[in-house]
Each structure stands twice: as structure tokens, then as C-alpha cells.
Amino acid sequence: MLRSVTEIPATFRCIFNGFPYFNYVQSKALDDVLYTNKNFVASAPTGSGKTVLFELAIIRLLMESTEHWQNVKVVYMAPIKALCNQQYQNWKQRFGYLGLNCKELTGDTEVDDIVEIQNCHLILTTPEKWDSMTRKWKDSCLLRLIQLFLIDEVHVVKDTQRGATLEAVISRMKAMSTCLFNDQSQRRRTRFVAVSATIPNISDIACWLSDSEGPATCLKMDESHRPVQLRKVVLGFPCSSHQTEFKFDISLNYKMANIIQTYSDQKPSLVFCSTRKGVQQSAEVLAKDARFIMSIDHKKRLMKYADALVDSKLRVLVMHGVAYHHAGIDGSDRKVIEDAFTKGDLPVLFTTTTLAMGMNLPAHLVVIKSTAHYVQGTCEDYSEADILQMIGRAGRPQFDTSATAVIMTKIQTKDKYIKFLNGTKTIESSLHLNLLEHLNAEIVLHTISNVKMALDWIRSTFLYVRVIKNPTHYGFPSELSKPGIEAKLQDLCLKNLKALSGVGLITMDKDININPTETGKLMARYSVAFDTIQHFTKISGLESLSELVSMISKSQEFRDIQLRVNEKRILNTLNKDKNRTTIRFPMEGKVKNSEMKVNCLIQAQLGCIPIQDFGLSQDTSKIFKNGVRVSKYLAEFLSHLPRNNFAALINALTLAKCFRAKLWENSPYILRQLDKIGLSLATAMVNAGLTTFRKIEQTNPRELELIANRHPPFGNQIRESVFALPKYDLQLEQLPVYSTSAAEISVTVNMKNFDQLIAKNTSLCGHYVTLILGDCDNNVLLFQTLFDSVFLKSGTWSRKISIARAAKGEEISTSLISSKYVGLDIHQRFSTFYPGKPCGDEICGPESPLTITGKGSSSTVYESPSGIGVISKEHRGQVTTPTKKTNCTNAPDEDENAPWE
């Protein structure tokens, strides 16, 4: 029996304006979701309206809350950003009418997320983003307010890429809920509501999401309850042992016309291919093989779409009723194609899996052409989450009562996909594949402080539920008893803990008590992969800027960046070309792997070299999202190392800033850092010789407008933005306390425009500078982070330090590095005096101190070490980090075109 929407209190009926009755799945779940607070899990077919269950759970929470929803905090978590964005657009309108604020939290950028979610009620996020948020939940009162946690596509817990993070985050939220419930001052649980595609062991998910009252309430519905009935077909094609995946994929192109004719019913068809090149090839073959019955009006509409396209090949195909769509085509072309397909004017659209994840373009027929794709140069099967997303596009409720999904695969794997599509394949955990990273995160949170607690944590995971039932899947003997399995899990924990200890992420004493190190905390804070950590431990301390770029390019975080054949020519041109602007540090030979591609794209972005290829631009964006946090980790990691690494540290700090600013530290395009200034405007300023902030300040506003071809008050706005930037000077003075083995130095940093910033009440948004001093033995003498909030109190900061005499020379290298802006850094050298040693052309006596005042200079990166030495700890500055040695005999002079004087 279908339930009426009128059962919902009148205040909330606007959420369901589109229909008078709930469908069968929604009606069956109504009592458990709306009238109880128990945890709830539903397994139902794609397209059966599971999102409504989330909305009912939110309404249940609102019904129990006071007006104005002051303490309402709901988190919706989906495995991909596209689902979050789709739900955000939907709920922003629906729940906004009730006065609820929505906030979408996705991406990898470092922002103050706690502040952002402070005034919102509905938070929509991904497992990766929520993972980074909840790694510090014990320090946040705000996260403790979460009352409802909604999990979309929970079956993705099996996914080898996303599943482990999803599982770890949900287990952490369970621990948070238990902690709050045990707190006598709160006595409140977080409610969990999860939905899944059709899977046989949904009861295991319910067991995992249990609380003290028992497993979560479980609703399991089969395919017969899908609003648009889906016919699922798996076709197996012969593939010999000598045939490559590539050739097999090509062979399927010539089967496509027959499949479209057989299953499409002359309605829109969507074909998923594994590569961009495969998409285009398949479309071209079908355009030659197939003939679609179209009226004259239909053909005219296609001609109109074709005329609007930029891509000439795509234009020809559209005239035949066929098109392709992927991230590499022009943005305007994509919009035209999407519009044509949505309106039903385009009979067949070929696309990559990106469309399944990000676009809502349902079709009557969905075809998955081959179930394998290339990941990092190796051929892998699509994950089940990917398959479900693709076949989920089959069925248009507004037009169809039935739909068809066809999977084209090898005859050897046909049975596997039949079993999967029938919902008879049990989902397993993938947490054991990424246990190192998540164990470390829980150790940093102090959820785990010994082996027993590590085992207790594993007991709270889906991994534990499944390993008890299916130990062989996880490499354990099938005859093991439950105590035997737990013993094996304890051994697994110990093995992983020793691996973490081996690279200095944790410490363990003889009683196996566990504590995180500073490096381990950094790993958790920046969500850096264990393989990347291992790679960074090989740093010698002598790395140049180019070597650090190369090292970061090999990070595990970029493993999903693929090198495509059609990109090699563009990348090789960026790397080396006599007739064009090329990257700053060219690589040897041709670009032949993904690491070299990442390196090339990083340098092209930092060098402001335009990248015309849309796909490469998208890859660059992905690289920088991860690169910002990986480079920050590297800089902070080096700052905690107790060894000689001054040169590597200063270059890492510089590179981290470059990633954030998307400019090299010596770039003339400094105006790109200001709001509303793009590459074309910045280029115009560079061509006019305006390559430093100081020159901008000294230029008449009208002249700036003339250069930029803009109207007043544009020039005034540019200068005001530059005037609002913090400016510093740096002074070093040797105090008259002389020794043959040590020197006393006074270091002073002043904010030069302190008065102006105070007068204008300027907010500098968390900006800070890093002060770092190093000697000729590559030792770090002083490492100090100085926030602008400190300077805005008095305008100055000073410190006295005692430094040991270096074996290789008596010069001190001093740098003040901005955390955010290129063009503000100061680099200078200072010669210390020791009795009996010459200073310049004269013998310096002990009567007068030596002083040097630094100007801001173009950022010179120190890359030429002349030796290694050791500095005694008692003579180091506040942070006693040894560092890489700099060349004191060929020290760079201060740039006469310094940004600040």
C-alpha cells in the first residue's frame, strides 16, 4: 500500500511537492525512518527513490528540534563530488525554503572548514573531505553537534580506491557517537541512515552500523520495485589469449550497430567507453555502419546543433545522429551535445565514465563497451561502483516505463557480471588494503594507543564483520575459529604498526604502547599516502628546487594521472622547444610516463605557460589540488627533521608557496595573485615592465588603466590591493659578545607598512612569514613562523640567538618567506665575526657590533651546497633543525630590482 505525502506534517510537505504518494520502497521505509530514531539501512535498485529516505530522516530530526533549527547539524556523504553537488543543488532549494542552510564541502584545498560549517545545517561532503575534517574532531565542539549522518552508495565500501576511506570515516563517526553517548553531560547518539544498491549482504552493513540496542533496521528490496523496469543484458564475446585488451576493445566497435538496433527501440542510447580515443573511434565506426530513421525536422535540428560546434569531426558525426562527449572537448561543444541528447534529438552518444559520475543524462539504452580500462598503464576491470553508476543512467522516468542496460565483456567474465547485476555478489571490505594510513590517523586521534585498542578499533569496522564470515577473502584459513581470526588480525595490526614505526610515524615502547610522532601527525593532517612518506624519507637535505619538483611528481597522490598517447606531442613541446617558451627545468629525453607528465604540468602552471588542451588543463587542476597539501607536508616534514637540510628546507618552503600561488618564486607575473587579475592582464603589465609590487605602487592609476585597457577606478583598485599587502624588512646584528666558537646574533623583523594597515583595519586572512637562518654547513640556526597577527600588535618581532661556528664558512643565509605571496620574500647573507679572523678588507675588533638590514629581493633559491657539517644543539635557534649547506663563496647578491626597498 502506497503512503500519502499528507502523512508528513504540513510544515514539511513542500519538500515533496512533486508527487502525492510515496512509491513502494519509500512507503515501506516510512515508519522506520520518520517515526523512530533507530539507525536504518536500505538496499534498493538504482532509481527507486532512495534519496527520499534521507529527506524523511531530516524531517524526523526537524520535528524534534526547536524553531530556527539552531542545533541542527546533518552530514550527507556521497562517494563522488558530482553526487554531492547534485544533492546540494536540490536541497539548497528545497530545505532553503524552511530556513536551513546548506554547505558543500569537497576538494582538497586548505580552508577553515570549521568556520564555514558553523552556520549551516546540512553539510554535503565526500569521504575524503570528511576524513580530513574528522581527523581533528576531538578539538572541535562543532563536530560534536552532528545528530544525523546520511551515507549514500554505502556499497562503495568495497571499492579498492574509495572504499577504505569510506569505511574508516564511518567507523570514526561511530566512535564519536559512542563517545558522546557515554559523556554524561550529553547522552546523545548520532543517527546513521545508509542506502545501497541491491546487494545480498545488506544485513552485514546493518550489523556494522549497530549501536547498543542492536543492528540497524534493515530494508531489502529487489529489482521488481524499480519505478522504471530495467532489463539487464550481459553479452560475452570471444577473446583469445593472444588478443590484447586494446584489440578486443576495437573489435567491439563493429558489434555496436547491431546492439543499438536490437535494444534501443529507436530511443536515445548512451555508450560508455574506457578512453577518450576509444570514444571517438567508436562514434566514427557507428556513423559509418548505422543509419537512423529521422524526419526532415529532426535532421534540421541536428544541422542546427552541428553549426554551433567548434570541433569539425564532431560536427560531421552529429549530422549522422551520433556524437561523443569527454573531458577533452571544448566546453561549449559539451553543452551543445548535452542539450541535444537531453532533448532526445541525438540518437546515440558515446562517452567516458566521467559522464556517469558527473552528468545527469539518462537514456533508454545504456551500453558499457568493455568492462576493462587502463589505470596507470595497467588494465583493470571497472569497479562495481563504476558499473552501477553507468547502468543507473538507463531509464527516463518522464518518458519510459522500461529501460535496458547492456554490458559487453569477454566470454570468460560473462558469468561474473551476470551474478553482479542480479545482486548476488557479496560485498567485501577493502580497508585491509589501506590499513597503514587509517591506523596512523586513529593513532594521531588517540583512538589507538596500544595493540589492544588497535584490535578494538578493527572490531568497529566492516572489515571485522566480513573477516569473521569470509576469512579466506582476507588471506586467512577458512577453518579458523573466531579467536583464531582475532589473533590473525592482531598480527596484522602489529605488522602495520611496525611499518609505521619503521619510517618514524609512530613510536612503540617494549610494552607496545603507541604514540604518534610529529611526522605521523603531519601525515594525518595532510592525508598523505604511506608510499609518499616512504619516498620523502630518502631526502638527503641537499635537494634543489628542480629535484623537489621531480620528487613531488612521483607522489602516490598523482597515481590516477594517466599519460595519453595524444598528449605526448604537447608535453614534449612544453619540455623542450627552441621556438617557444618552455618549462623552467627541462627533463632529459621525451615525456614517456605519468611522473614526467605531472612534472611538466606543474612547471607549465608555475611558469604561466598556457596549456591549450582541455584534458591537460583538467589534469593540472587535479595535480594542484593534491600538490598544495603534499608540498606543505614536505616543507613541514623537513622542518622537523633533526639533520642538515637547510637548502632542501628553504626550497621546500618556497615550493609550497609556489603551489599555493600557482607561480614560480621569481615570476614576473606577480599581479596574477590579486583578485580579478587573469593571465592576459598580468601579461600586459609584464610587457609594460611592471614586474614588482613596488613598481605598481609607483605607477599612476590612469597609466595602469591604459595598460590594462580598463576604465577608472580600476587603476586605483589595483594599487590599493598592492598597498594592502604586508611589507617587511629584516635586520641582523652581531652583539659584542665574542668567542672563537660561537656568535651572538640579534634578528629583527619589522612590518614596514604597519601604520597603514592598522589605519585601514586590514585583515590579512591568516597570512604568515617563515624566518629561517642557515650556515655554510647547511645547518638550520633558526626556524620561526611569524603570523601577521603578531606584527599587527606592535609592528616588530625580534630574537637573540647563539650560533656555533661553521666549519665551511662564516656567512649566515637568512630568508623571510611569505606563506602566500610571490614577490614579498627577502633573501640575504650576513658575515659573522670571530676574534682573530678578517672581516672584509679590515680586521674587525670587538668594539662595535655588525649590522645588516635586508630589503625584499627577488626570490633566490639556494641550490649549490659546498659541504656538510654539524651544529651543536645548544647553539641552535628556537627550532633546532639541521639543514643543507649553501655555497658561501658564490652567494647571490641582492637584486637591484627588489620588490621592496
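The coordinates are above.
Residues numbered from 1 in each chain as written. Predicted model: local features only at pLDDT ≥ 70, side-chain atom pairs only at ≥ 80, totals over all residues. Heavy atoms only, no water.

S.K.: Requested: an account of the overall build of the protein, with residues and values cited.
M.R.: A tally of regular secondary structure across the protein gives 33 helices and 27 strands. The buried share among the 901 residues of the protein stands at 55%. Within the protein, residue pairs in contact and separated by at least 24 positions form 71% of the contacts whose partners lie at least 6 positions apart. Of the roughly 38,400 Å² of accessible surface on the protein, 49% is carried by carbon and sulfur atoms. (Helix = DSSP H or I, 4+ residues; strand = E, 2+ residues; numbered from the N terminus. Buried < 20%, exposed > 50% of the residue type's maximum accessible area, 1.4 Å probe, protein only. Contact = heavy atoms within 4.5 Å. Areas by Shrake-Rupley, 256 points an atom, 1.4 Å probe, with all protein chains shown as cover.)

S.K.: Now, about the nonpolar core: what can you tell me, with residues and values included?
M.R.: Judged by nonpolar contacts, the single largest core of 83 residues is most densely connected at Leu500, Leu634 and Leu638. Of all hydrophobic cores here, the second largest spans 64 residues; its members include Val228, Val348, Tyr417 and Leu421. (Core = buried A, V, L, I, M, F, W, Y, C linked by side-chain atoms within 4.5 Å.)

S.K.: Help me get a handle on the pairing of strand S11 (residues 348-351), residues and values and all.
M.R.: Of the two faces of S11, the one lined by Val348 and Phe350 and the one lined by Leu349 and Thr351 are each fully buried. The pairing of strand S9 (residues 269-272) with S11 spans four bridges and is classified as parallel. By the bridge assignment for S11, Val271 is matched with Phe350. Sheet analysis places strand S10 (residues 322-325) next to S11, joined by four bridges and oriented parallel. Bridge assignment links His325 to a residue of S11, and that residue is Thr351. Handedness of the crossover joining S10 and S11 through helix H13 (residues 331-342) is recorded here as right-handed. (Pairing = 2+ DSSP bridges. Right-handed = clockwise from strand over helix to strand, strands pointing away.)

S.K.: Quick rundown of the sheet that holds strand S23 (residues 811-818)? Include the residues and the values.
M.R.: As summarised here, the arrangement of the four strands in space is S21-S20-S23-S24, forming an open sheet in which the pairing is antiparallel. Strands with a single pairing partner mark the edges of an open sheet, and in this sheet they are strand S21 (780-787) and strand S24 (826-831). Averaged over all neighbouring strand pairs, the angle between strand axes comes to 15°, with direction disregarded. Sheet topology places strand S20 (residues 768-775) next to S21; seven bridges connect them, and they run antiparallel. Paired with Leu773 across the bridge in S21 is Leu782. (Axes fitted to C-alpha atoms, helices over the stretch in contact; angles between N-to-C directions.)

S.K.: Could you give me a rundown of a nonpolar patch on the surface, with the residues and numbers involved?
M.R.: Side chains of Leu2, Tyr21 and Tyr24 sit close together on the surface and give an oily, nonpolar patch of about 300 Å² of accessible area. For Leu2, a relative accessible area of 42% puts it in the partly exposed group. (Patch = residues over 30% accessible without salt bridge, like charges linked within 9 Å, V, L, I, M, F, W, Y side chains within 5 Å. Salt bridge = Lys/Arg side-chain N within 4 Å of Asp/Glu carboxyl O.)

S.K.: With reference to specific residues and values, describe the side chain of Thr699.
M.R.: As for its position among the elements, Thr699 is in the loop between helix H29 (693-698) and helix H30 (701-708). When residues no more than four places from it in sequence are discounted, the contact partners of Thr699 are Leu690, Leu704 and Arg719.

S.K.: Just give me the short version of helix H8 (residues 245-253), but keep the residues and values in it.
M.R.: Those residues of H8 that sit buried are Glu245, Phe248, Asp249, Leu252 and Asn253. Each buried residue of H8 sits inside an arc of 160° when the element is viewed along its axis, so together they form one side. (Arc of directions from axis to C-beta.)

S.K.: Describe the packing of helix H19 (residues 462-469) against helix H20 (residues 482-502), with residues and values.
M.R.: Relative to each other, H19 and H20 sit at 130°, their axes nearing to 10 Å. On the basis of their axis angle, the class for H19 and H20 is oblique. Between H19 and H20 the crossing geometry is right-handed. Contacts from Tyr464, Val467 and Ile468 in H19 reach Lys482, Ile485, Glu486 and Leu489 in H20. Of the residues that constitute the contact of H19 with H20, the class distribution is five nonpolar, no polar and two charged. (Parallel < 35°, antiparallel > 145°, perpendicular 65-115°, else oblique. Left-handed = near helix turned anticlockwise from the far one by under 90°. Nonpolar A, V, L, I, M, F, W, Y, C, P; charged D, E, K, R; others polar.)

S.K.: I'd like to hear about the sheet that holds strand S8 (residues 229-237), residue by residue, with values.
M.R.: On the basis of which strands lie adjacent, the open sheet formed by six strands has the order S8-S15-S12-S9-S11-S10 and parallel pairing. Of all the strands in the sheet, the pair left with one neighbour each is S8 and S10. Each strand axis lies, on average, 20° off the axis of its neighbour in the sheet, ignoring direction. Strands in contact with helix H16 (residues 414-421) are S8 and strand S15 (402-410); relative to S8, the strand with the most contacts, it is inclined by about 170°.

S.K.: Which residues make up the side chain of Glu567, and what are the values?
M.R.: Here Glu567 lies in the loop between helix H23 (545-553) and helix H24 (568-575). On the accessibility criterion, Glu567 (1% relative accessible area) is buried. A distance of 2.8 Å separates polar atoms of two side chains, one belonging to Glu567 and the other to Lys597. In contact with Glu567, not counting residues within four places along its chain, are Arg276, Gln562, Lys597, Leu616 and Asp619. (Polar contact = N/O pair within 3.5 Å; in protein donor to acceptor, adjacent residues only side chain to side chain.)

S.K.: Please give an account of H24 that cites residues and values.
M.R.: The complete set of buried residues in H24 reads Leu571, Asn572, Thr573, Leu574 and Asn575. In the core, the buried residues of H24 are packed alongside helix H25 (594-606) and helix H26 (614-639).

S.K.: Can you tell me about the pattern of salt bridges, naming the residues and giving the values?
M.R.: Summed over the entire model, instances satisfying the criterion amount to 30 salt bridges. Asp400 is paired through a salt bridge with Lys267; the nearest N and O atoms lie 3.4 Å apart. In this pair, Asp400 sits in the loop between helix H15 (384-391) and S15 while Lys267 sits in the loop between helix H9 (256-263) and S9, placing the two residues 133 residues apart along the sequence. Owing to a relative accessible area of 5%, Asp400 belongs among the buried residues under this scheme. Note on Lys267: relative accessible area 31%, which makes it partly exposed.

S.K.: Residue-level account of the pairing of S15, with values.
M.R.: For S15, the tally of buried residues reaches eight of nine residues, placing the bulk of the element in the interior. With nine bridges joining them, S8 and S15 adopt parallel strand pairing. Paired with Lys232 across the strands is Ala405, a residue of S15.

S.K.: A description of the packing of aromatic side chains should follow, citing residues and the corresponding values.
M.R.: When we look at a pair of aromatic rings, we describe it by the centre distance and by the angle of the planes. Applying the stated criterion to the full structure yields 15 aromatic pairs. When the centroid spacing of 5.5 Å and the interplanar angle of 45° are considered together, the rings of Trp208 and Phe462 count as tilted. With Trp208 in helix H7 (residues 202-208) and Phe462 in helix H19, this residue pair connects regions lying 254 residues apart in the sequence. Judged by its relative accessible area of 0%, Phe462 falls in the buried class. Ring geometry for Tyr768 against Phe787: centres 5.0 Å apart, planes inclined by 50°, an arrangement best described as tilted. (Phe/Tyr/Trp six-rings, centres within 6.5 Å; stacked < 30°, edge-to-face > 60°.)

S.K.: Residues and numbers for a positive patch on the surface, please.
M.R.: Together, Lys81, Lys622, Lys625 and Lys662 make up a positively charged patch on the protein surface. In this fold, Lys622 is placed in helix H26. (Lys, Arg positive; Asp, Glu negative; His and termini not counted. Charge placed at Lys NZ, Arg CZ, Asp CG, Glu CD.)

S.K.: Tell me about the environment of Ser789, and name the residues and values.
M.R.: Relative to the helices and strands, Ser789 is located in helix H33 (residues 788-794). Under the relative-accessibility criterion, Ser789 is labelled partly exposed at 47%. Separated by 22 residues in the primary sequence, Ser789 and His767 place their C-alpha atoms 8.4 Å from one another.

S.K.: For the environment of Glu588, give the residues involved together with the corresponding values.
M.R.: Along the chain, Glu588 turns up in the loop between H24 and H25. Assessed through its relative accessible area of 69%, Glu588 is described here as exposed. Setting aside residues no more than four positions away along its own chain, Glu588 makes contact with Lys576 and Met596.

S.K.: Give a detailed account of unusual backbone geometry, specifying residues and quantitative values.
M.R.: Residue Pro713 is bonded to the preceding Pro712 through a cis peptide linkage, with omega at 5°. By the secondary structure assignment, Pro713 is in the loop between H30 and helix H31 (714-723). Of note, Gln266 is a non-glycine position whose phi angle comes to about 60°, a positive value. With respect to the element layout, Gln266 can be found in the loop between H9 and S9.

S.K.: I'd like a rundown of the environment of Arg60, residues and numbers included.
M.R.: Considering the arrangement of structural elements, one finds Arg60 in helix H2 (residues 51-63). With 26 residues separating them in the primary sequence, Arg60 and Leu34 have C-alpha atoms 5.2 Å apart. Those residues in contact with Arg60 that sit more than four places away from it in its chain are Val33, Leu34, Tyr35, Thr36, Asn37 and Arg191. A polar contact is formed between the side chain of Arg60 and the side chain of Asn37, at a distance of 3.1 Å.

S.K.: How would you summarise the packing of H23 against helix H27 (residues 646-661) if you had to cite specific residues and measurements?
M.R.: Any two packed helices are characterised by the angle at which their axes cross and by the distance between the axes. Put simply, H23 and H27 touch, their axes get as near as 9 Å, and they point 60° apart. The way H23 lies across H27 gives a crossing that is right-handed. Two secondary-structure elements touch here, H23 through Leu545, Leu548, Val549 and Ile552 and H27 through Ala648, Asn651, Ala652, Leu655 and Phe659. Grouping the amino acids of the contact of H23 with H27 by side-chain chemistry returns eight nonpolar, one polar and no charged.

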